[in-house]
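Tertiary structure, described
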Amino acid sequence: MSGNSAAPEGILVEEFILADDYSAAGLVSVGWSSQDRRWRASSDTSRRIRTDALLRRRVVPVARQTAEVFYRGLAGEDLPDEAALSAYCRVGAPMSMPAPLRLSAARVTAGFHETRLYRILFANELNPGALANLRAVWRMTTTGDPADPPVRVLGTAGRRIGGDAFSWDLRRLGAMDAWCVDLTVDLADSRDGAVGPLLRELTTTMRAQGLIPVTIDRFS
């Protein structure tokens, strides 16, 4: 997070608590600020970032490598490793998520064992450069003109992992600073081990383009 100056004020680390089906059951976070120079639970800050557009303007999502440089410059020491940061996150009360929403009865794509639909919801605006990056990274097929306000789905992409098939749409939600990735999962059998890593990958890719993940819902 940074103020009006280029120098960051601190670092916020967040981690989703996932249910058995990889939907988000909660969000835990920990922050370090240059003011008090210690790690503390930061669920309130995480909640405000997702509801306060002015506060989001002070937040810059970065990869761990960048956070390490910032932290060493601010604290004069190495950023704690992933296990330590995760333990810090779990100290405070989690930011709760709404109850799972099931929009329809389960419908299985022909030839597959199970079909699921996930939505990864994000806050913030997606600028044209970020959209171009997503098209390149995902080899996404363009399905709509972002300059046309009524257009909601701007692109679609997909992947096969073993016998499982995955496809996802990049969707704009109304006039708000909100976007989502709608992921359809077609599982070849009862094993779903590829779902979690792909959800994490899609979330990380969107974060790299300045989007802030809000939740991961499963609709069916």
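Residues numbered from 1 in each chain as written. Predicted model: local features only at pLDDT ≥ 70, side-chain atom pairs only at ≥ 80, totals over all residues. Heavy atoms only, no water.

1. Here we look at the pattern of salt bridges
To keep it simple, the criterion reads: A pairing counts as a salt bridge when a side-chain nitrogen of Lys or Arg comes within 4 Å of a carboxyl oxygen of Asp or Glu. Only runs of H or I of at least four residues qualify as helices and only runs of E of at least two qualify as strands under DSSP, and these elements are numbered from the N terminus. Each residue's exposure class comes from its accessible area (1.4 Å probe, protein chains only) as a fraction of the maximum for that residue type: buried when under 20%, exposed when over 50%, partly exposed otherwise.
Counted under the stated rule, the structure contains 16 salt bridges. Its salt-bridge partner being Arg 64, residue Glu 82 comes within 3.5 Å of it at the nearest N-O pair. Separated by 18 residues along the polypeptide, Glu 82 in helix H4 (residues 82-89) and Arg 64 in helix H3 (residues 64-75) bring together distant segments of the chain. Its relative accessible area of 25% is what places Arg 64 among the partly exposed residues.

2. Notes on the sheet that holds strand S10 (residues 212-218)
Cut-off, in case you're wondering: At least two DSSP bridges between two strands are required for those strands to pair.
The strand order across the open sheet formed by 6 strands is S6-S7-S8-S9-S5-S10, and the pairing between neighbours is antiparallel. Both outer strands of the open sheet, strand S6 (141-142) and S10, are each paired with one neighbouring strand and no more. Note: strand S5 (residues 114-123) against strand S9 (residues 178-187), 10 bridges, orientation antiparallel. Residue pairing for S9: Leu 121 is matched across the bridge by Cys 180.

3. With respect to the pairing of strand S1 (residues 10-18)
Note: S1 against strand S2 (residues 24-33), 9 bridges, orientation antiparallel. Within S2, the position partnered with Leu 12 by the bridge is Gly 31. Counting the residues in the hairpin turn of S1 and S2 gives 5 residues, including Tyr 22, whose phi is positive at 80 degrees.

4. What to know about the pairing of S10
Most of S10 sits out of view: 7 of its 7 residues are buried. Relative to S10, S5 is paired through 6 bridges, and the arrangement is antiparallel. Among the inter-strand pairings, Phe 122 is bridged to a residue of S10, identified as Pro 213.

5. Concerning the environment of Gly 92
You can see Gly 92 is positioned in the loop between H4 and strand S4 (95-96). Expressed as a C-alpha distance, the spacing of Gly 92 and Ser 43, which sit 49 residues apart in the sequence, is 7.3 Å.

6. So, unusual backbone geometry
For Tyr 22, which is not a glycine, the phi torsion comes out positive at approximately 80 degrees. Within the fold, Tyr 22 resides in the loop between S1 and S2. Backbone geometry at Asn 124 places phi at a positive 110 degrees, although glycine is not the residue there. With respect to the helices and strands, the residue Asn 124 is situated in the loop between S5 and helix H5 (128-138). Note on Asn 124: relative accessible area 14%, which makes it buried.

7. Observations concerning the environment of Arg 50
Worth spelling out the cut-off: Working rule for contacts: check all heavy atoms of both residues, and any pair within 4.5 Å makes them a contact.
In this fold, Arg 50 is placed in helix H1 (residues 43-51). Contacts of Arg 50, omitting those with residues within four sequence positions, involve Glu 14, Leu 27, Arg 56, Met 95, Ile 212, Pro 213 and Val 214.

8. A closer look at the packing of H5 against helix H6 (residues 195-208)
We count it as follows: Under this scheme, a helix contributes an axis fitted over its contacting stretch, all axes are lines through C-alpha atoms, and angles between N-to-C directions fall in the 0 to 180 degree range. Crossings are assigned a handedness: left-handed for a near helix turned anticlockwise from the far helix by less than a right angle, right-handed for a clockwise turn.
The N-to-C vectors of H5 and H6 enclose an angle of 150 degrees; their axes lie 10 Å apart at closest approach. Relative to H6, the crossing made by H5 is right-handed. Residue-level contacts link Leu 134, Val 137 and Trp 138 of H5 to Leu 202, Thr 205 and Met 206 of H6.

9. A word on the environment of Phe 70
Tracing the backbone shows Phe 70 in helix H3. For the pair formed by Phe 70 and Ala 7, sequence separation is 63 residues and the distance between their alpha carbons is 8.8 Å. With sequence-adjacent residues up to four places away left out, Phe 70 is seen in contact with Pro 8 and Val 62.

10. Comments concerning the layout of surface pockets
Worth spelling out the cut-off: Both cavities and pockets are sets of points on a 1 Å grid over the protein atoms alone; in a cavity a 1.4 Å probe fits but cannot get out, in a pocket the set is open with protein on both sides within 12 Å along at least five of seven lines, and lining residues sit with an atom within 4 Å of a point. Grid points are joined across faces, edges and corners, and a volume is the space filled by probe spheres set on the points.
Approximately 1300 Å³ is the volume found for the largest pocket. In terms of lining residues, the largest pocket is bounded by 41 residues, among which Leu 12, Val 13, Glu 14, Val 62 and Arg 207 are the most central. Counting residues per element, the ones that place at least two in the lining of the largest pocket are S1, H1, H3, H4, H6 and S10. In terms of residue count, the dominant contributor to the lining of the largest pocket is S1 (8 residues).

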